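# Fold and contact review
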Amino acid sequence: MSGGSDRQQPNAVPQEVYGNEGAGFEVWFSMVQRPAKPASQSLCYTISFSMRWLSQLLAATQKHRLQGWVGLILYACAATFPHQPVQDMLSRFTDRFGREPLYQISVTIALILGAALTLLFVRGLRGQAGRKWLAALWALSFALMVGVWRLLMANNTELVHFPQYFPEGVALLALTLSPVESMAWVTVFGWLDEGYQYVYLTHGRATLLDFNDIHMDQIGGLAGIIFAMALLRSEPLTRESWLDFWKGILRRPGVLAVFGVLAVGIALLISGKLLVYEGPGAPAHWFALSRLKTTSFWYSQPIILGPHRFHELMPAEGILLLLVTIAVCAVLDRRFRVSAKPAIDR
């Protein structure tokens with residue numbers, strides 16, 4: 001009998017069979033003989049790896065801000081300009097199968113995305129000092145989505161606004177490290193998106209600059225901002241004086257862009273080049289915010305827009321709601337300091 005050093009172990013591969021390459025093959029053979037990890041462990045590993053990679057990617061964005069802004073603008077263009085082809089494709093689908101399957105598919109996709117992102121978000125909260133606040137804000141963003149769906153949506157296909165602007169919110173927070181400035185830029189992109197549709201795609205129709213849609217864009221962007229706050233180091237901030245705080249907010253480029261748009265709009269309104277409502281016999285002008293007036297709080301066009309009764313935001317209340325949403329995000333700037341450091345490093 002040979003000594004213990006010559007005794008073969010279970011699943012070992014004899015060296016004489018594979019020659020000098022036997023050792024390498026034995027390592028591979030022993031690996032494939034290991035029992036597979038349970039599906040739950042594999043899922044947890046995949047989630048952890050994905051969140052760690054995304055956290056590091058967002059943290060590195062500050063070192064490549066130019067590329068980040070270029071990528072963001074390209075994404076915004078890709079989400080805006082193909083609007084008519086997408087509408088035509090959906091029209092062909094509804095002509096063949098009806099509207100109801102499309103509405104059901106829209107809700108199903110929204111629920112799946114919401115559940116998946118929540119699972120990832122919970123993983124990102126580990127190690128965050130303000131995780132209770134962030135969790136509450138995440139829940140609030142979903143509550144706002146439900147409220148917007150009930151009050152401002154004509155049909156379920158408009159749920160697409162949330163996932164469409166979610167990536168923009170994530171990217172903008174990584175670029176600006178400021179929730180309020182991120183929301184300001186989301187609003188600007190939403191204005192440009194809906195302005196393009198209003199001027200070029202619905203020209204001549206009895207409609208208005210869709211402030212409902214812009215607010216939906218804001219809520220999708222808000223969810224993205226909160227999600228990114230869980231991936232980057234978001235630490236509770238020592239309170240500063242309100243005066244210093246607002247001075248800092250008003251210097252933010254995104255906030256200045258919003259006020260710039262408002263200033264130009266007010267100047268055009270005073271000069272008569274901008275109209276709030278374009279009615280019959282309206283004087284010569286460059287742009288009108290609305291070609292539609294509703295006579296009641298609830299509005300419905302089942303044949304054209306969909307089955308929901310919803311509230312159509314008029315220009316004055318739409319602009320006010322957008323500004324309030326931006327101002328609310330200033331609370332996050334006062335509460336948290338977001339830094340370009342990954343919150344998940346293991």
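Residues numbered from 1 in each chain as written. Predicted model: local features only at pLDDT ≥ 70, side-chain atom pairs only at ≥ 80, totals over all residues. Heavy atoms only, no water.

## As for the confidence of the model for the protein
Using the following cut-off: You can read pLDDT as the predictor saying how much it trusts each residue, on a scale of 0 to 100. Any two residues having at least one pair of non-hydrogen atoms within 4.5 Å are treated as being in contact.
In the predicted model, the protein carries a mean pLDDT of 84, and the fraction of residues at 70 or more is 86%. Segment residues 27-32 is flagged for pLDDT under 50; beyond a separation of four residues in sequence, or across chains, it makes two contacts in the model.

## Observations concerning the nonpolar core
Put simply, the test is: As used here, the term nonpolar core means buried Ala, Val, Leu, Ile, Met, Phe, Trp, Tyr and Cys residues forming a set that is joined through side-chain atoms within 4.5 Å. Three labels apply to residues, based on accessible area from a 1.4 Å probe with only protein chains included: buried if under 20% of the type maximum, exposed if over 50%, partly exposed otherwise in between.
Residues F121, F162, F227 and M229 are the most contacted members of the largest nonpolar core, which totals 66 residues. Contact partners of F227, with chain neighbours within four places excluded, come to M51, L54, L117, L120, F121, W138, F166 and V170. By size, the runner-up hydrophobic cluster in this structure holds five residues, among which are A154, L292, Y299 and F310.

## Details of the packing of aromatic side chains
Put simply, the rule reads: Any pair of Phe, Tyr and Trp rings, taking the six-membered ring for Trp, is counted once the centres come within 6.5 Å. Such a pair is stacked with planes under 30 degrees apart, edge-to-face with planes over 60 apart, and tilted for the rest. Over a ring means this: the NZ of a Lys or the CZ of an Arg is within 6 Å of the ring centre and within 35 degrees of the ring normal.
Tallying each qualifying case throughout the model produces 15 aromatic pairs. Through successive ring pairs, a cluster of aromatic residues spans F121, W138, F142, F166 and F227. Seen from the ring of W242, R334 lies directly overhead, with NZ or CZ sitting 3.8 Å from the centre. Here the basic side chain of R334 rests over the ring of F245, its NZ or CZ set 5.5 Å away from the ring centre.

## Digging into a nonpolar patch on the surface
The cut-off we apply is this: Patch construction takes residues with relative accessible area above 30% that form no salt bridge. Like charges are linked within 9 Å, and nonpolar side chains (Val, Leu, Ile, Met, Phe, Trp, Tyr) are linked within 5 Å. Computed with a 1.4 Å probe, the accessible areas rest on the Shrake-Rupley method; for each residue, only the protein chains presented here act as cover. Throughout this description, the term salt bridge denotes a Lys or Arg side-chain nitrogen within 4 Å of a carboxyl oxygen of Asp or Glu. For the purposes of this entry, the term helix denotes a DSSP run of H or I that reaches at least four residues, the term strand denotes a run of E that reaches at least two, and both are numbered from the N terminus.
Where nonpolar side chains cluster on the molecular surface, the patch consists of W242, W246, L250 and F259 and spans about 440 Å² of accessible area. The element contributing the most residues to the nonpolar patch is helix 11 (residues 242-250), with three residues.

## Focus: helix 13 (residues 315-335)
Stated precisely, the cut-off is as follows: A helix is expected to span 1.5 Å for every residue after the first.
Look at helix 13: 31 Å from first C-alpha to last across 21 residues, which is about the 30 Å you get at 1.5 Å a residue. Among the residues of helix 13, those classed as buried are P315, G318, L322, T325, I326, C329, A330, L332, D333 and R334. Against helix 7 (131-152), helix 9 (179-201), helix 10 (211-231), helix 11, helix 12 (253-271) and strand 4 (336-342) lie the buried residues of helix 13.

## Observations regarding the environment of F211
Its location among the elements puts F211 in helix 10. Residue F211 is classed as buried on the basis of its relative accessible area, which comes to 2%. When the C-alpha positions of F211 and W191 are compared, they lie 8.4 Å apart, and in sequence the two are 20 residues distant.

## Points about the packing of helix 7 against helix 10
For clarity, the cut-off: Axis definition: a line fitted to C-alpha atoms, over the contacting stretch in the case of helices. Angles run 0 to 180 degrees between N-to-C directions. Just so you know how the angles are binned, under 35 degrees is roughly parallel, over 145 roughly antiparallel, 65 to 115 roughly perpendicular, and the rest oblique. Crossings are classed by handedness, with left-handed meaning an anticlockwise turn of the near helix from the far one by less than a right angle and right-handed meaning a clockwise turn. Here the nonpolar group is Ala, Val, Leu, Ile, Met, Phe, Trp, Tyr, Cys and Pro; Asp, Glu, Lys and Arg are the charged ones; every other residue, Gly included, is treated as polar.
The N-to-C vectors of helix 7 and helix 10 enclose an angle of 165°; their axes lie 10 Å apart at closest approach. Considered as vectors, helix 7 and helix 10 are oriented roughly antiparallel to each other. Crossing of helix 7 over helix 10 shows left-handed handedness. For the pair helix 7 and helix 10, the contacting residues are L134, L137, W138, S141, L144, M145, V148 and L152 in the first and N212, H215, M216, I219, L222, A223, I226, F227, M229 and A230 in the second. Residue composition of the contact of helix 7 with helix 10, grouped by class: 15 nonpolar, three polar and no charged.

## Notes on the side chain of D213
Its location among the elements puts D213 in helix 10. Here D213 falls in the buried class, since its relative accessible area comes to 7%. For D213, the residues in contact, after removing those within four places along its chain, are E158, H161 and E194.

## Considerations on helix 7
The following threshold applies: When we speak of the arc, we mean the arc of directions from the helix axis to the C-beta atoms.
For helix 7, with 22 residues, the first-to-last C-alpha span of 31 Å sits near the 32 Å given by 1.5 Å per residue. Those residues of helix 7 that sit buried are L134, L137, W138, S141, M145, V148 and L152. Projected down its long axis, helix 7 shows its buried positions confined to an angular sector of 105°, all on one face. In helix 7, those exposed residues whose orientation departs by more than 90 degrees from the buried face are K132 and V146. In this fold, the buried residues of helix 7 make contact with helix 6 (99-124), helix 8 (161-176), helix 10, helix 13 and strand 4.

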